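Here is what each chain is made of, one letter per residue.
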Amino acid sequence: MTKPQTKKTDKRVGLFVCHCGVNIAGVVDVEKVAQVMKDYPGVSFSANYVYMCSDPGQQMIIDTIKEKKLDSIIIAACSPTLHEKTFQEAARLAGLNPYQIEIANIREQDSWVHTDKDKATKKAIRIVKGHVEKAIRNESLEPIKVDVTRRALVIGGGISGIQAALDVADHGYEVLLVEKNPSIGGKMIQLSETFPTLDCSQCIMTPKMVEASRHPRIKLLTYHEVESVSGFVGNFKVRIKRKPRYVDATLCNLCGECEKVCPQVVPDEFNMGLSFRKAVYLPFPQAVPGTYTLDAANCLGLSPVRCGKCKDVCDKKAIDYDMKEKIIEEDVGGIIIATGYDLYTMQALGEYGGEKYEDVINGLEFERILSASGPTGGVIRRPSDGQVPKSIVFVQCSGSRDTEKHLPYCSKICCMYTAKHSMLYKHRVPDGQATVFYIDVRTGGKAFDEFYQRTVEEDKVLYIRGKVSKIIKEGDTLIVWGVDTLTGKKVEIEADMVVLAMAMVKADGVQDLLKRLKISTDIHGFLAEAHPKLRPVESLNAGFFLAGCALGPKDIPEAVSQASAAAAKIGDLFSQKELSHEPTVVPADDEKCSGCAICITMCPYGARSMDKERGVVVVNEVLCEGCGACAAACPCGAAQQRNQTDEQIFAMVSAMLRE
Amino acid sequence: MYEPQIMSFLCKWCTSAAADLAGTSRIHYASNAVNLRVMCSSRVDPQHILYSFREGADGVFIGGCHPGDCHYVEGNYKTLRRIALFKKMLPELGIEPQRVRLEWISAAEGKKYAQVMDEFTEQIRALGPLNFNEKALKREEQKNE
Amino acid sequence: MKIHYYPGCTLKEKTTALDLSTREAMLRLDVELVEPEGWSCCGAEYPLTEEKIIGLAAPARVMRQVRDEGGDVLITTCSFCYAVLKRTNYALKNDALKHKRINAFLKDDIKINPLTKEKTTGFEDYNGEVKVLHLLEYLRDYVGPPKIKSRLKRPFPGLKIAPYYGCRLLRPQKELGLDEPDNPHIFEEFLELMGCTAVDYPFKQECCGSYLSVSLPEAATEASYRILRAARMNGAQAVAVTCPLCFYNMDKRQDAIRESFLDFGGLPVLFFTQILAWALGVDKSALGLAEHAVPAAHLFEDKPRAEVTL
């Protein structure tokens, strides 16, 4: 390890020390800093000014660069996270390469945190010296240009996925909409009415579903699953698995004869297990695409064929037992993840019976009971004996807002849909008693509180503030033990049916895919956005955008907004002629490379590979994200990060530590 | 009066952001460290650390993201392994391993950053000056003469 | 094999049936239960109140004695004792203040041998080293269902028993960890192993009234009534308990229950160890059935009678 010589340099570095009013100057003697640095090797100009980021400050930089023929500048001011781009732009206007700009942080990391003026000034000088050593060795760099495939992939065909696909397609780009179930629609199509308008959910959704299926630029891939994604932003390669439907969707005319003869009866997932379907089935009448699907897992057997009745009766010859799973490969430039949610399992709530009691159901089951196309034809009947319940208890926060055992967060929509459920119940069973146990009633949206007030005042739903501690069954009746915290009394209510507002949780069966895509999730399995406040629909992974309940509990208008936002981000991405990739990557110097391949194992992006013929490492600079892990590992010094080489680091360390 | 001198390598995404947050929150702490911002804590080479000692640092601090949160997926795990092994080597070089500290500090933990800086400064103060450079430079000067 | 066993004071006085049946049963499984020397009352409920750190000294001393006698496991059957002992261990391991105070108190301990009058002092700190196990746990995890099954002489042919956990056995889950409080099955598994049919009913973890039977008897009467009624409604021929206080509230006070709630037809209450002992072949006379206020002897025939008549 040799001592770096103070580099003899032709570079003309300009130093601008900012006062930032008194934010810096009140503690750091900025004039002294500028004065001391005047004589530092490499510094051709050194000045201090009140507000470097102001217009006159910027102008001063531009003018000085031109006058003093500076080829590198250092702004000693606030954190680079604030104004790096601003100063880079100013320098660019003066004809300087943006990578010749250094920002020395002497505010957040000096004047704002230290009180001893002498020490703070000394530290500021050290910091600036370090940046000078870096600046005199900085190379001018050009961003790496990358082409963009102007095609999008949307994963998930619920309301968010559908809206996103429609928006991107309307922009003029082609979209692949992938949905693992036989039909798009997600959870929204299972709902009966939506709050607060009581719109029929299927009536407002089916037009969108049909539009998605007919849109010239949307390729609808239902009964498909995304297997893997490789590549990088603007240039993704996606492998999608086509699951065999055993029915040719183009031939099927929905006559339903196959269903009639199928001997296999299984619980119907669309109706939440409250009714049955056959192995060959149409998920629901408005399914898109409108075709039957043969569920091989529940069929008597296809190889060899054990039954064959459905094929026999199919006039259109649409049934084909020989269909196979197929992997298709597609190129896309941007991906929107809209994989939705699921409800917390009732099994976890042993105090409410686990899943023992047939008449204790969750919100989605109640939606199916309310639905005119549901298992009871829209008549509210309880699952156990089909009787019309004369007393229903609704329990909010089942599993939510529970820091002890279940989920600590609020599921956002339950207060509103419970009000809706109780209201609809009262409309259909006017002499019935509806009781809601709540902790709070959260009605933050437009016309939400008015809707809730209607429930209480017009529909006479009884709201009791308190948690339900236990639900037991005695004979045919359910007994709900709760408390009324406003009177301080224990409450025991006899009910024919209980509807639990179960917490919204991460979607089943998606975690694996997210891991493979390296999309980060939070501790609850919801997608992690780039910034919770300011970047709600972007992932930290470039090229991936997020929308809907996959991010966390929300209602339909929010999901639709996020979907449109994600689509707009795709629009941003695709509207660029080419993409720019940060050039501060780590290339491989083939003269120094010994071919040990250690750096290849270090890279999480697969940017490095071995050129077997020459025995040296080559780097795909587009994939390199510039973390530097390989640079630190290389034993030969062949991997040097652009503008943060070992030489630069040694020089900076030396300058910052030496007196 | 001996004042400990500390060289800090902070990862841009987490610890440097935490240091900025400490600044925005006006939390005061010891001024004994100078910060060098790297893209990822995994950029830090043991050579950089040894060089820091040679150039006068009495302690070296490395700040990275919490496990699982690395902007570059797994850089911090590499740092962890590297520093763990490196610290085992330090006694052989006559340097107390406590002079190197690796800490996970997220961008939201401004207060923690300040506390760690104060703590580490005191730890290094207690260990006393390293004076590594004196011996090394002396030997090099002797060689050059 | 000898294992340390903590009976608790009630088992020596009011509910010797539980103690007796436990010992006899374990002998049949090759386990001799040994009480730690000079054990004292665990304190039942009261040591677990926040302020009474010193109250935990008594259970800590019991366990320290077990440790000093070379034991690393302590079995108990009484739910209260189990809760107090296990939670004392948890406190010692997780709360530095409690650990310090309790051990400081115990340091002043002087043991005087009653015969020789010899004094022993200077005991080592107790740090929660002894593992406290409820007998149900011990049977499941240490003896194991296969061994128990192989020793069964008289598996009950389908006798319908309602397992009663009560409030102490399962909560707080973090400190006791015996089973899932809202959906437990350790007791049911035990009963099934014995050949009984475990009856599911909603009141198995609800409180029997506990000490309210002393201070507010009507509350305890109603609480116990609801448990017994629910068990009976779901077809149980008896309720099995682990705790002497629950036994007292539901068996000894069943007269009071019948007086207040005329619709209640009565239900025998058994200790789970009586079932275990009988199934392992222990003679009926050694089950302590004479102690019961509600006749239960008829359940221990080779063909138990389905009807309960009082």
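(A) Representation of the arrangement of the chains in the model. Looking at the two pairs of chains with contacts, the pair that accumulates the most is chains A and B. In this assembly chain B lies apart from chain C, the nearest approach of their C-alpha atoms being 23 Å.

(B) Geometry of the interface of chain B and chain A. Facing 45 residues of chain B, the contacting portion of chain A comprises 46 residues. Here chain B meets chain A over a buried area of about 4000 Å², counting both sides, of which 57% is carbon and sulfur. It is B:R43, B:Y51 and B:E55 in chain B that bury the most area against chain A; as a group they hold 18% of the surface buried on that side. Here chain B is connected to chain A by two salt bridges. In this structure, B:E55 engages A:R658 in a salt bridge whose closest nitrogen and oxygen atoms are separated by 2.7 Å. In this assembly, chain B and chain A are joined by 18 residue pairs in polar contact (both at pLDDT 80 or more). Those elements that provide at least two residues to the side of chain B that touches chain A are β1 (6-11), α1 (15-24), β2 (33-38), α2 (46-54), α3 (75-89) and α5 (132-144) of chain B. The residue makeup of the side of chain B that touches chain A, split by class, is 20 nonpolar, 13 polar and twelve charged.

(C) Molecular detail of the packing of aromatic side chains. A complete count under the given rule lists 25 aromatic pairs over all chains for this structure. Pairing C:Y225 with C:F264 gives two aromatic rings, centres 6.2 Å apart and planes at 85°, and the pair type is edge-to-face. On the criterion of sequence distance, the pair formed by C:Y225 in helix α11 (residues 217-233) and C:F264 in the loop between α13 (254-260) and β10 (269-271) is long-range, its members being 39 residues apart. C:F264 matches C:Y225 in its accessibility class, with the two residues each being buried. In this structure an aromatic cluster arises from ring pairing among C:Y165, C:F187, C:F190 and C:F272. The cationic tip of A:K187 hangs over the ring face of A:Y341; the distance from NZ or CZ to the ring centre is 5.1 Å.

(D) Structural detail: the side chain of A:D110. Residue and element names in this part refer to chain A. Looking at the secondary structure, you find D110 in helix α4 (residues 107-111). One buried charged residue, D110, remains without a salt bridge, the closest side chain of opposite sign being K123 at 5.2 Å. For D110, the residues in contact, after removing those within four places along its chain, are V28, A120, K123, A124 and I127.

(E) Region of interest: the nonpolar core. Membership of the largest hydrophobic core comes to 228 residues, with the highest contact counts inside it found for A:F366, A:V498 and C:M194. Broken down by element, the residue count for this core peaks at eight residues, all from helix α4 (residues 79-94) of chain C. Dropping the residues within four chain positions of it, A:V498 is found in contact with A:D359, A:V360, A:I361, A:V393, A:V395, A:I471, A:L478 and A:V480. Core analysis: the next-biggest nonpolar cluster, separate from the first, contains 73 residues, A:L15, B:V34, B:I49 and B:W104 among them.

Cut-off values and rules
Residues numbered from 1 in each chain as written. Chains lettered and ligands numbered in written order. Predicted model: local features only at pLDDT ≥ 70, side-chain atom pairs only at ≥ 80, totals over all residues. Heavy atoms only, no water. Contact = heavy atoms within 4.5 Å. Buried area = accessible area lost by both parts, 1.4 Å probe. Salt bridge = Lys/Arg side-chain N within 4 Å of Asp/Glu carboxyl O. Polar contact = N/O pair within 3.5 Å; in protein donor to acceptor, adjacent residues only side chain to side chain. Helix = DSSP H or I, 4+ residues; strand = E, 2+ residues; numbered from the N terminus. Nonpolar A, V, L, I, M, F, W, Y, C, P; charged D, E, K, R; others polar. Phe/Tyr/Trp six-rings, centres within 6.5 Å; stacked < 30°, edge-to-face > 60°. Buried < 20%, exposed > 50% of the residue type's maximum accessible area, 1.4 Å probe, protein only. Lys NZ or Arg CZ within 6 Å of the ring centre and 35° of its normal. Lys, Arg positive; Asp, Glu negative; His and termini not counted. Core = buried A, V, L, I, M, F, W, Y, C linked by side-chain atoms within 4.5 Å.

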